[in-house]
Amino acid sequence: MFTDKDLLAVNSLRALSIAQIEAANSGHPGLPLGAAPMAYALFADHLEVNPQDARWFNRDRFVLSAGHGSALLYSLLHLSEFNLSLEDLNGFRQWQSKTPGHPEYNHTEGVEATTGPLGQGLAQAVGMAMAEQHTAALYNTDDFEMIDHFTYCLVGDGDLMEGISYEAISYAGRQKLDKLIVLYDSNDISLDGDLSQAFNENIAERFEAAHWHYIRVDDGNDLNEISAAITRAKEFKGKPTIIEVKTVIGYGSPEQGTSKVHGSPLGQDNWAATKDVYQWTLDHFEVPEEAREIFHQKVVERGQKAYQAWQDKFKAYQQAYPEKAEMMRLAFERKLPEDFDQALEYLPDSTKADASRSSSGKAIQALAQKIPYFWGGSADLSGSNKTMINDSMDFMPNQREGKNIWFGVREFAMAAMLNGITLHGGSRVFGGTFFVFSDYLRPAVRLSALSQLPVVYVMTHDSVAVGEDGPTHEPIEQLAGFRAMPNLNVIRPADVNETFAAWKVAIQETDRPSLLVLSRQNLPVLTGSRSLAEAGVDKGAYVLSPSQADQADGIIIATGSEVQLALEVQKILKDQEIDVSVVSMPASNRFDEQSQEYQESVLPDGVENRMSIEMGASLGWHKYVGRHGLVMGIDRFGASAPGETVVKEYGFDAEQLAQAYLNHFKK
């Protein structure tokens, strides 16, 4: 049973949250005031974490999907004795503080996921729950249950209105993720006003239809009822649980229950009135010692006790199962087995031509043999994306060790769930779809990059060569768009060797995602790539076919399937006594990171005649060809016809490209 001391702790959360918002004169007071009781009940009675080891493998995960309520999360972390001081809280939303406006993973200790774009936190929590089940199947034994914890997520009305929530909820219900518990801050208010103006779903029926367990708590201030509901959710088997907690937004403030309290500071007068309701007499950032003591007893000591028991068990586990223990350590530290790449052997140019999507599929098979914690899937396109791991089962409720994830047609949720799996730890994951459908998942890729998560995105059918499916399925602007995204590898390999090298780059990353952009059509193995591809892809660009002269007459830069065209153009121009070099540039972001000396060796300043060839938007290519260079791209939508026809009609055959070079760089 909770006591007055617990109520003091709840009000301490509220007061600390408002202190942050008032100090910044910016933030969202509504959620912290209304949802503080449910957050406290979770932390005080249920959440098992250890602030002294915030990345403990077997901790419970808590995701604040309603990330605009970040002040509440920071208050919880501070009082739970994570590495977040009162001074840090006083820097809320300020330059280089540990307390940004929305929670950021890898920025603030104890923050489990970057949230704020509504709905994505919920989908990431689904991924965490998936990872808990999968890693448990990989590492647990009959006598040692090393992975056994819950994933909790706090959502608001906005989260549940977002389309991604429908995708994630549907998937979680199908997978029977019964260790996923969602707390719904149900206050009937959205940013613009009354929720009923835009949203009047029956939440119970919606979730029950998606095979969830539904619980309702009518009084969001009733700590005992909230805690009892969480207990029931933890005991329920076979379905994830949502607990709808009816709250009052901005509880205690003069404007409680209205949208006015959602996203603007209370102000001095309103805060003073709110303090009277709470009988709060302390100044900003003052915390009663009794509140600190109860957090220490209920959160810190309980978590440390669970942590120590797990550490003792892990020592016995290491002795009994040393190989499993070592593999688990590697996986959670984002490390790879030493021989992970031995199965990826580069091939001679006599090898039969193959689509880079197929080459990627072979890489996936090879890596799966070497990396036990490597798994992934596709948005209902595994046959086309070549993402199915042949020698593995499917990830399903009755076979959690399965490595093939059936995401269904849920591109956005797939990417966010991949983020959640990676955030949980213990896995290296990939997900695939057609490149043109990357538009559906782009916001989650952005969170991958922002959160520094090494997710691998397998994007196939990369150009107008898709052909008959037409402009709806032919990517044009996507390459330029993703290349503009910070902290993201965008790799478009030219043949099997570059594809293998691209996978090596992607799987060895520890702090950024990789987008592998792959062809549907067959690509020949390029002369020289067997020896040059690994270093070349790693550095982003390399001279694949140098000119015969000491200084080339020109440079042709290409990516992906167009590199073979560049080599054909090189031969045609040679017959015209024009000696050019051919540069393959599979990853321009990586090339931009190289030294000036290396960049000069690939694109010498003294060679001004430069042409780029890529079947995508021209945006960005003048950076490499220069103001007087020639960009051969596509700045209109595609067309429906056989792929060879579309490619030729758009000017991408060797003869037309060579003539374009000659016309542009007239002697």
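Residues numbered from 1 in each chain as written. Predicted model: local features only at pLDDT ≥ 70, side-chain atom pairs only at ≥ 80, totals over all residues. Heavy atoms only, no water.

### Here's the deal with the side chain of Asp 88
1) Next: Within the fold, Asp 88 resides in helix H4 (residues 86-90).
2) Next: Look at Asp 88 and you get buried, because its relative accessible area is 16%. (Helix = DSSP H or I, 4+ residues; strand = E, 2+ residues; numbered from the N terminus. Buried < 20%, exposed > 50% of the residue type's maximum accessible area, 1.4 Å probe, protein only.)

### Here's the deal with helix H11 (residues 289-320)
Every α-helix winds through 3.6 residues per turn, so residues three or four apart in the chain are directed the same way.
1) Next: Taking 1.5 Å per residue, 32 residues should reach 46 Å; H11 reaches 45 Å between its end C-alpha atoms and fits that length.
2) Next: Along H11, the helix axis deviates most sharply at His 296, where the bend reaches about 35°.
3) Next: If you check which residues of H11 are buried, you get Ala 291, Ile 294, Phe 295, Val 299, Val 300, Gly 303, Ala 306, Tyr 307, Trp 310, Phe 314 and Tyr 317.
4) Next: Tucked inside the fold, the buried residues of H11 contact helix H1 (4-24), helix H2 (30-45), helix H3 (70-79), helix H5 (120-139) and helix H12 (322-332). (Expected span 1.5 Å × (residues − 1). Bend = angle between axes of the 7 residues up to and from the residue. Contact = heavy atoms within 4.5 Å.)

### What to know about the UniProt feature "binding site: substrate" (unreviewed entry) in the chain
1) Next: Look at the UniProt record and you will see "binding site: substrate" (unreviewed entry) annotated at His 28, His 262, Arg 357, Ser 384, His 461, Asp 469, His 473 and Arg 520. These annotated residues cover 493 residues of sequence, and their C-alpha atoms sit far apart, with the largest distance between any two at 48.4 Å.
2) Next: Within the element layout of this structure, His 262 appears in the loop between strand E7 (241-246) and helix H10 (268-278).
3) Next: Contacts of His 262, omitting those with residues within four sequence positions, involve His 28, Pro 29, Gly 30, His 68, Leu 191 and Ile 249.
4) Next: With respect to the helices and strands, the residue Arg 357 is situated in helix H13 (residues 356-370). (UniProt positions renumbered as here; feature names shortened; annotations may be inferred.)

### Focus: the sheet that holds strand E12 (residues 456-460)
1) Next: Pairing within the open sheet is parallel, and its six strands lie in the order E10-E9-E11-E12-E14-E13. If you trace the sheet from one side to the other, it starts and ends with strand E10 (404-406) and strand E13 (489-491), each paired once. Taken pair by pair, the neighbouring strands of this sheet meet at an average axis angle of 20°, ignoring direction.
2) Next: The sheet contacts of H13 involve strand E9 (374-378), strand E11 (428-434) and E12, and relative to E9 the element is tilted by about 145°. (Pairing = 2+ DSSP bridges. Axes fitted to C-alpha atoms, helices over the stretch in contact; angles between N-to-C directions.)

### Re the UniProt feature "active site" (unreviewed entry) in the chain
1) Next: With numbering aligned to this structure, UniProt lists the feature "active site" (unreviewed entry) at Glu 411.
2) Next: Positionally, Glu 411 belongs in helix H15 (residues 411-424).
3) Next: The exposure class assigned to Glu 411 is buried, which follows from its relative accessible area of 8%.
4) Next: With sequence-adjacent residues up to four places away left out, Glu 411 is seen in contact with Glu 167, Ala 379, Thr 433, Phe 437, Tyr 440 and Leu 441.

### Considering the side chain of Arg 400
1) Next: Mapped onto the fold, Arg 400 is located in the loop between helix H14 (382-385) and E10.
2) Next: Buried charged residue Arg 400 carries no salt bridge. Nearest counter-charge: Asp 178, at 6.0 Å.
3) Next: When sequence neighbours within four positions are dropped, the list of residues in contact with Arg 400 reads Gln 133, His 134, Ala 137, Gln 175, Lys 176, Leu 177 and Phe 395. (Lys, Arg positive; Asp, Glu negative; His and termini not counted. Salt bridge = Lys/Arg side-chain N within 4 Å of Asp/Glu carboxyl O.)

### Remarks on H3
1) Next: Summarising burial for H3: ten of the ten residues are buried, a large majority.
2) Next: Every buried residue belonging to H3 is among Ser 70, Ala 71, Leu 72, Leu 73, Tyr 74, Ser 75, Leu 76, Leu 77, His 78 and Leu 79, and all of these are buried.
3) Next: Against H1, H2, strand E1 (61-64), H4 and H11 lie the buried residues of H3.
4) Next: Positive phi appears at Glu 81, one or two residues downstream of H3, with a value of about 70°.

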